[in-house]
Amino acid sequence: MTDVRAKAGRRTTSARVAAAGAFLATAVVLLATAGRGEASGPTTTCSSPNPSGRLVCVTVEDLDGVSPSGVVGSGKQQVDVRAYQFYKVAIQNNGGSTLTKGVATLTLTDTITGNASPVVSSAVFVPSGSASFCSATSTSPNVVTCALDNLAAGASTGTFVVAYRTSDAPGVTSTRAEITTSFKEGLNQGANPATFTAFETTSLEPDPQLSVAWAPPGQEVRLGTSPGDVQFSTLKFKVPADKSAFFSSLAEGPGSICPEGVTCSTELVQTNLAGAAAGTFTAQNPFVLTLTISWDLLKKVDVVYHLKDNGVLEEIRTVCSASAPAVPDVLPCFKASRDTSLKLLVVEIQAWENGRWQG
């Protein structure tokens, strides 16, 4: 986990403001905690056939608390979130003979604040994070179809992943997956049905101080806290196509990590990229953490502090020559800019070595 905080104030009306001319003290802390979004754990539901019918079971796992996508605010006071979610699915034939020519169909709907009934989900299928035998077949309704191999009695498909960019509908609070499995034997329903529907609801993160995403290979992830306060943060990175997916999060809240003798506020920005595979972040593929701070709190930045996961505190004084990617700049580095019209300080931090979150 990465903890970043600005010297000279919190995001609340009870903020402690440092003396005039104070500089920004940013500290990065690598912790093992995973944040508040988490896999819901697999759930299994099975059909209830007639005595001579076919028994089909569907196991589903998703990531609850993942952020909705979309843009909030405008200009330099804008947060553009691009988050992802997954459905991990396994289908088992618990019957006495083979099921043939199977298809799994996922249909997504959204629950929207103020709407009496669910609507077609605006989530977008992501092939790069999904099983190769799955593809989008419709956007209205939102349908993905996965071709299944024949299933012998007692056999399972094994777990496969269907990935989506999360819904960007205003006011969305959850996304529901209707997962229907159908085999050739299901065409004759009678006493031997082989069609079954299971459901999985993914709750979406509602906290303006928190942003959560599953990060699939080949995709750019953008996390951000609410721009409606005196300080907000964004985190942007890309997962190489040859690296595995992982959980990521960005959060703000009270706390204090400061060198002795340095006066700092208790406002922290916490990022968690602990699940990233080695080599996900490099000098050519850094992550970018940006702090946008009101002049009421801070007007200047001179140093960034980084507390490594081994407890060693480093000072970062290298100024990036340009906005990301700043290769061949020596990383980590930071770049500060001022918006005089909006009275904002924008601090962009680039790093890659600190992306080795496994340690």
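This text goes with the structure placed above it.
Note on numbering: residues in each chain are counted from 1, in written sequence order. Note on the predicted model: pLDDT of at least 70 is required for a residue's local features to be given, and 80 or more for side-chain atom pairs to be given and counted; whole-chain, interface and lining totals, by contrast, use all residues. The basis for the side-chain values is all heavy atoms of the structure; hydrogens and waters are excluded.

What about unusual backbone geometry?
Negative phi characterises most residues that are not glycine, and trans characterises most peptide bonds. The condition that has to hold: The helix count covers DSSP runs of H or I at least four residues long, the strand count covers runs of E at least two residues long, and both are numbered beginning at the N terminus.
The residue after Ser140, namely Pro141, is reached through a cis peptide bond having omega 5°. In this structure, Pro141 sits in the loop between β12 (134-139) and β13 (142-148). The linkage connecting Leu331 with the following residue, Pro332, adopts the cis geometry, with an omega of 5°. Structurally, Pro332 can be placed in the loop between β24 (313-316) and β25 (333-339). Although it is not a glycine, Lys101 sits at a positive phi angle of roughly 50°. Mapped onto the fold, Lys101 is located in the loop between β8 (84-93) and β9 (102-112).

A word on the packing of aromatic side chains
Quick note on the threshold: Pairing of aromatic side chains requires ring centres within 6.5 Å, counting the rings of Phe and Tyr and the six-membered ring of Trp. Pairs whose planes differ by under 30 degrees are stacked, by over 60 edge-to-face, and all others tilted. Only protein chains enter the accessibility calculation, which uses a 1.4 Å probe; a residue whose area is less than 20% of its type maximum is buried, one above 50% is exposed, and one in between is partly exposed. Both a distance and an angle decide whether a charge sits over a ring: NZ of Lys or CZ of Arg must be within 6 Å of the ring centre and within 35 degrees of the ring normal.
Applying the stated criterion across every chain, the model contains seven aromatic pairs. Each ring, one from Tyr87 and one from Tyr164, has its centre 6.0 Å from the other, and the planes form 80°; the classification is edge-to-face. Here Tyr164 lies in strand β14 (residues 160-165) and Tyr87 lies in strand β8, a separation of 77 residues in the sequence. In terms of burial, Tyr87 and Tyr164 fall into one category: buried. Here the aromatic cluster, defined as three or more aromatic residues joined through ring pairs, consists of Phe237, Phe246, Phe281 and Phe287. Across the ring face of Phe86, the terminal group of Lys88 is positioned such that the distance to the ring centre comes to 4.7 Å.

Details of the state of the cysteines
Put simply, the test is: By definition, disulfides here are pairs of cysteine sulfur atoms that lie within 2.5 Å.
Considering all chains together, one arrives at three disulfides under this definition. Two residues share a disulfide in this structure: Cys46 and Cys57, whose sulfurs sit 2.0 Å from each other. On the sign convention where negative means left-handed, the S-S torsion of about 105° between Cys46 and Cys57 marks this disulfide as right-handed. Taken as a pair, Cys46 in strand β4 (residues 43-46) and Cys57 in strand β5 (residues 56-64) lie far apart in primary sequence, 11 residues in all. We classify Cys57 as buried; its relative accessible area is 6%. Between Cys320 and Cys333 runs a disulfide, and the two sulfur atoms are separated by 1.9 Å. One quick way to see it: the torsion about the S-S bond of Cys320 and Cys333 is about 100°, and its sign makes the bridge right-handed.

Details of the pattern of salt bridges
We count it as follows: What counts as a salt bridge is simple: a side-chain nitrogen of Lys or Arg found within 4 Å of a carboxyl oxygen of Asp or Glu.
Enumeration over the complete set of coordinates arrives at four salt bridges. Of the charged contacts in the structure, one is a salt bridge between Arg222 and Asp80, with a shortest N-O distance of 2.6 Å. Taken together, the residues span a long stretch of sequence, with Arg222 in strand β18 (residues 220-224) and Asp80 in strand β7 (residues 77-81) at a distance of 142 residues. Among the residues examined, Arg222 registers a relative accessible area of 21% and is labelled partly exposed. Among the ionic pairs, Asp168 bridges to Arg165, the shortest N-O distance being 3.6 Å. Since its relative accessible area comes to 36%, Asp168 is described here as partly exposed. Residue Arg165 is classed as buried on the basis of its relative accessible area, which comes to 18%. Connected through salt bridges with shared partners, the residues Asp80, Arg82, Glu220 and Arg222 form a single ionic network.

Note that all results are geometric; they support no functional claim without further evidence.
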